[in-house]
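# Breakdown of the fold
For reference, the chains in residue letters:
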Amino acid sequence: MTESVTRPLHAAIAAQLQAQQGWLAFDAFMQMALYEPGLGYYSNDRRKIGLMPARELAEAGPNGDKQSTEGSDFATAPEMSALFGRSIAAQILEVLEHTGTDCVYEFGAGNGTLARDILQTLGPRVRHYYIVDVSLALRERQAQTLAEFGDQVQWLAELPEALEGVLLGNEVLDAMPVKLIVQKQGQWFERGVALDASQNFVWADRPTVHAAPIEVHCEQDYVTEIHPWADAFVRTTSERLKKGAAIWIDYGFSEHEFYHPQRHMGTLVCHFQHQMDDLPLQQVGLKDITAHVNFTAVAVTAQQAGLEVLGYTSQARFLANCGIAALLEQAPLAQRIMGAKLLHEHEMGELFKVIMLGAGPFWEPLGFINGDRTHTL
Ligand SMILES: C[S@@+](CC[C@H](N)C(=O)[O-])C[C@H]1O[C@@H](n2cnc3c(N)ncnc32)[C@H](O)[C@@H]1O
């Protein structure tokens, strides 16, 4: 599998690079590395999202069962605990009630685990659960996970012009291609990819008109990202949301934290078998490539498209407001341990944020009753 992915993907990217006179912007590289049909990280058949790297799975899966015989590269909140989806379900229900709607649109549904937990909690209150995912391979996995729900779950090949209900995405914005930019002695360059004499991918910087959205005063070279793909996604989904709310959950910061002088190496990282590295030009197609989200940009783009920011807070605060404490109390010990990881500051509780954007006039949703941080954006 390794060679059969990396070789043709390397060749496809190299061909694209040559067609662009030997230099490919990093976002174009990342798009192919993650989503090139059949070959990109999210488009090939390898298992990606789960709790265990391959070697530990030889004996037993996380539940002591034999179902996961292949390893994974990273764990997401829904894979860690069903209490994530069950807590979010409380917020979804409130939006559906408040706005008189009955549909959920989940973007980038991974293995389908979050959808399953939400549907098991809300049952027929969700008339249709639509999934939009750019990965065909993951859509097949989702279909297996969600078979029990029949026609209640549907996959959309194209986004409808008008959306009513809840739009939901966990760790989707971070999976969208980013542009890499570098400030050297006050001047901005765009970091792209070229080929060296041995046909290896190498970095190549060019002067650019792009810049960080705020001034960065840093004496050393300052590498960072800008997010035109996530911006376009938030703009389109916000413009089409006619009734209801969008909930985006991801790791990231407000703009002034994101472009802090101390963060001079940027936020781009790769995940492979539960190890992190900062070498996206190697093992292309076998590693996830991801960057943190600029939540100020998400808020501003959504506002420009006519939505209200209904709340922004940490994942821990959001889940606490949605009632996770009561669920934890009732859960068996093993589930409580995994559920607590969603909340702990040093695990997912603080780095992950939740932003909620609403169509129509402002109202105060359940998830932001305590500890709303919209004023920090
Ligand atoms: C890091 S995974 C997260 C999966 C899942 N939400 C979870 O929490 O386990 C990113 C997902 O986003 C999908 N994705 C990336 N860009 C997308 C887009 N523009 N529209 C819909 N899905 C997208 C990927 O195919 C993948 O399923």
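Residues numbered from 1 in each chain as written. Predicted model: local features only at pLDDT ≥ 70, side-chain atom pairs only at ≥ 80, totals over all residues. Heavy atoms only, no water.

The protein appears in an unreviewed UniProt entry as Class I SAM-dependent methyltransferase from Lampropedia aestuarii.

### Observations regarding the overall build of the protein
Helix and strand content of the protein: 14 helices and 16 strands. Here the C-alpha atoms of the protein give a radius of gyration of 21 Å, agreeing with the 21 Å that 2.2 N^0.38 yields for 377 residues. In terms of overall dimensions, the protein has C-alpha extents of about 60 × 50 × 40 Å along its principal axes. Per-residue burial for the protein yields a buried fraction of 54% across its 377 residues. Restricting the contact set of the protein to residue pairs at least 6 apart, pairs at least 24 apart contribute 77%. (Helix = DSSP H or I, 4+ residues; strand = E, 2+ residues; numbered from the N terminus. Rg over C-alpha atoms; globule rule 2.2 N^0.38 Å. Buried < 20%, exposed > 50% of the residue type's maximum accessible area, 1.4 Å probe, protein only. Contact = heavy atoms within 4.5 Å.)

### So, the pattern of salt bridges
Considering all chains together, one arrives at eleven salt bridges under this definition. Lys179 is the partner of Asp27 in a salt bridge, and the nearest nitrogen-oxygen pair spans 3.2 Å. Of this pair, Asp27 sits in helix α2 (residues 26-35) while Lys179 sits in strand β6 (residues 179-184); the two residues are 152 residues apart in sequence, bridging distant segments of the chain. The exposure classification of Asp27 matches that of Lys179, with both residues buried. Its salt-bridge partner being Asp205, residue Lys184 comes within 2.9 Å of it at the nearest N-O pair. Taken together, the residues span a long stretch of sequence, with Lys184 in strand β6 and Asp205 in strand β8 (residues 201-207) at a distance of 21 residues. Salt bridges sharing partners connect three or more residues here, namely Asp27, Lys179 and Glu190. (Salt bridge = Lys/Arg side-chain N within 4 Å of Asp/Glu carboxyl O.)

### As for unusual backbone geometry
In the Ramachandran plot, Gln21 falls in the positive-phi region, its phi being about 55 degrees despite a non-glycine side chain. Structurally, the position occupied by Gln21 is in the loop between α1 (2-19) and β1 (24-25). The phi dihedral of Glu171 is positive, around 55 degrees, even though this residue is not glycine. Turning to its location among the elements, Glu171 is positioned in the loop between β5 (163-170) and β6. By relative accessible area, which is 12% here, Glu171 ends up buried.

### A closer look at the packing of aromatic side chains
Applying the stated criterion to the full structure yields 14 aromatic pairs. Look at Phe29 and Phe201: their rings are 5.4 Å apart centre to centre, the planes differ by 80 degrees, and that puts the pair in the edge-to-face class. Of this pair, Phe29 sits in helix α2 while Phe201 sits in strand β8, and the two are 172 residues apart along the sequence. Taking the centre distance of 6.3 Å and the plane angle of 65 degrees together, the rings of Phe253 and Phe258 count as edge-to-face. Judged on exposure class, the residue Phe253 and its partner Phe258 are both buried. Members of the aromatic cluster, each reached through a chain of ring pairs, are Phe26, Phe29, Phe201 and Trp203. Arg191 extends its terminal NZ or CZ atom over the ring of Trp203, reaching a point 5.9 Å from the ring centre. In this arrangement the basic side chain of Arg263 is found over the ring face of Phe253, its NZ or CZ atom lying 3.9 Å from the centre. (Phe/Tyr/Trp six-rings, centres within 6.5 Å; stacked < 30°, edge-to-face > 60°. Lys NZ or Arg CZ within 6 Å of the ring centre and 35° of its normal.)

### Some points on the site of the ligand
As a structural note, the neighbourhood of the ligand is formed by 19 residues, with Tyr35, Thr76, Gly108, Asp133 and Asn170 the closest of them. A distance of 2.7 Å separates a nitrogen atom of the ligand from a polar backbone atom of Gly108. A distance of 2.7 Å separates a nitrogen atom of the ligand from a polar atom in the backbone of Asn170. For the ligand, whose unbound accessible area comes to 600 Å², protein coverage reaches 94%. Of the residues in the shell around the ligand, the class split is twelve nonpolar, five polar and two charged. (Near = heavy atom within 4 Å. Polar contact = N/O pair within 3.5 Å; in protein donor to acceptor, adjacent residues only side chain to side chain. Areas by Shrake-Rupley, 256 points an atom, 1.4 Å probe, with all protein chains shown as cover. Nonpolar A, V, L, I, M, F, W, Y, C, P; charged D, E, K, R; others polar.)

### Details of the sheet that holds strand β13 (residues 288-290)
The pairing of strands in a sheet comes from backbone hydrogen bonds and takes either a parallel or an antiparallel form. Taken in spatial order, the three strands make up an open sheet running β12-β11-β13, and their pairing is antiparallel. Edge strands, defined here as strands with exactly one partner in the open sheet, are β12 (275-277) and β13. In this sheet, adjacent strand axes meet at a mean angle of 30 degrees when their direction is disregarded. Bridge analysis of strand β11 (residues 269-272) against β13 gives three bridges, and the strand direction is antiparallel. Bridge pairing in β13 links Val269 to Thr290. (Pairing = 2+ DSSP bridges. Axes fitted to C-alpha atoms, helices over the stretch in contact; angles between N-to-C directions.)

### Considering the nonpolar core
The nonpolar side chains of a soluble globular protein tend to be buried with one another. Phe84, Ile88, Ile92, Ile118, Tyr129, Leu168 and Met356 are the most contacted members of the largest nonpolar core, which totals 43 residues. With seven residues, helix α5 (residues 82-99) is the largest single contributor of residues to this core. Not counting residues up to four positions away in its chain, the partners in contact with Ile118 are Gly85, Ile88, Ile92, Gly123, Tyr129 and Leu168. The next biggest cluster of nonpolar side chains, apart from the first, holds 30 residues, and it includes Leu39, Ile49, Phe74 and Leu195. (Core = buried A, V, L, I, M, F, W, Y, C linked by side-chain atoms within 4.5 Å.)

### Considering the environment of Ala12
Secondary-structure assignment places Ala12 in helix α1. On the basis of relative accessibility, which here comes to 24%, the residue Ala12 falls in the partly exposed class. Sequence separation between Ala12 and Leu39 is 27 residues; the distance between their C-alpha atoms is 9.5 Å. What Ala12 contacts, discounting residues up to four positions off in sequence, is Met32 and Glu36.

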